[in-house]
Amino acid sequence: MQSFDVAIVGAGPGSLKAAEYLAQNGKSVVVLERGKVIGKKVCAGGITLKNFKFGLPKSIMERSFNKVIIHTRFQDVILEQDDPLVYTTSRVILGQYLAGEAKKKGVEIRTESCVTKIEENNVKNTLTIHNIKNN
């Protein structure tokens with residue numbers, strides 16, 4: 001049985017960034033992702049300007065938009081400016097980038113690892129039981 005300070009279920013963008021920060025601050029972290037590919041999702045990854053504060057490089061962005069239309073049942077609001085307001089990227093490319101950054105900090109990422117049970121100090125997946133250290 002392996003022991004980690006933190007087990008994170010799912011390798012979405014927020015989970016991978018949290019894993020990176022935890023590892024950067026001295027925690028041993030495992031991320032358990034049920035899918036074979038990190039980031040595979042039906043929708044595109046919409047990136048707003050605030051996301052660049054977290055270190056995302058513009059080099060992984062595929063498209064940028066200077067105009068955004070917000071439609072509600074009460075009104076349409078159009079935001080437009082010279083600089084891009086929103087970017088999009090492939091969720092797989094975003095996932096691979098974030099996973100790479102987390103791994104550089106020492107995070108262990110396991111794909112095809114479906115969590116089947118969570119207990120107070122253990123996470124059981126289809127392959128292994130991971131012990132969560134009491135701190």
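For the structure, see preceding data.
Residues numbered from 1 in each chain as written. Predicted model: local features only at pLDDT ≥ 70, side-chain atom pairs only at ≥ 80, totals over all residues. Heavy atoms only, no water.

A. Layout of the pattern of salt bridges. Across all of its chains, the model carries four salt bridges by this definition. Between Arg110 and Glu108 there is a salt bridge, with its nearest N and O atoms 2.4 Å apart. The residue Glu119 makes a salt bridge to Lys117 at a minimum N-O spacing of 3.1 Å. (Salt bridge = Lys/Arg side-chain N within 4 Å of Asp/Glu carboxyl O.)

B. Geometry of the nonpolar core. Residues Leu16, Val29, Val31, Ile47, Leu56, Val107 and Ile109 are the most contacted members of the largest nonpolar core, which totals 20 residues. Contributing elements (two or more residues each) for this core: helix 1 (13-24), strand 3 (29-32) and helix 2 (91-104). When residues in this core are grouped by element, the largest group, four residues, is from helix 2. Not counting chain neighbours up to four residues away, the residues in contact with Val31 comprise Ile8, Gly10, Ala11, Leu16, Ala19, Val107, Glu108, Ile109 and Arg110. (Core = buried A, V, L, I, M, F, W, Y, C linked by side-chain atoms within 4.5 Å. Buried < 20%, exposed > 50% of the residue type's maximum accessible area, 1.4 Å probe, protein only. Helix = DSSP H or I, 4+ residues; strand = E, 2+ residues; numbered from the N terminus. Contact = heavy atoms within 4.5 Å.)

C. Focus on helix 2. Between the first and last C-alpha of helix 2 there are 20 Å, a value that for 14 residues agrees with the 20 Å anticipated at 1.5 Å per step. Elements in contact with the buried residues of helix 2: helix 1, strand 4 (45-48), strand 8 (86-89) and strand 9 (108-110). Two or three places before Val92, at the start of helix 2, stands the capping residue Ser90, its side-chain oxygen 3.2 Å from that residue's backbone nitrogen. One or two positions beyond helix 2, positive phi appears at Gly106, with a value near 105°. (Expected span 1.5 Å × (residues − 1). Polar contact = N/O pair within 3.5 Å; in protein donor to acceptor, adjacent residues only side chain to side chain.)

D. Molecular detail of the packing of aromatic side chains. Enumeration according to the criterion identifies one aromatic pair in this entry. Geometrically, the ring pair formed by Phe52 and Tyr87 is edge-to-face, given 5.1 Å between the ring centres and 85° between the ring planes. Placement of Phe52 in the loop between strand 4 and strand 5 (63-65) and of Tyr87 in strand 8 is noted, with a sequence separation of 35 residues between them. The ring of Tyr21 is capped by Lys17, whose NZ or CZ atom sits 5.4 Å from the centre of that ring. Cation over ring: Lys58 sits above Phe52, and NZ or CZ is 5.3 Å from the ring centre. (Phe/Tyr/Trp six-rings, centres within 6.5 Å; stacked < 30°, edge-to-face > 60°. Lys NZ or Arg CZ within 6 Å of the ring centre and 35° of its normal.)

E. Highlighting the sheet that holds strand 2 (residues 6-9). Taken in spatial order, the three strands line up as 2-3-9 in an open sheet, and their pairing is parallel. The two strands at the open ends of the sheet, each matched to only one other strand, are strand 2 and strand 9. Going across the sheet, the axis of each strand differs from the next one's by a mean of 20°, ignoring polarity. (Pairing = 2+ DSSP bridges. Axes fitted to C-alpha atoms, helices over the stretch in contact; angles between N-to-C directions.)

Taken by themselves, the reported measurements are silent on function.
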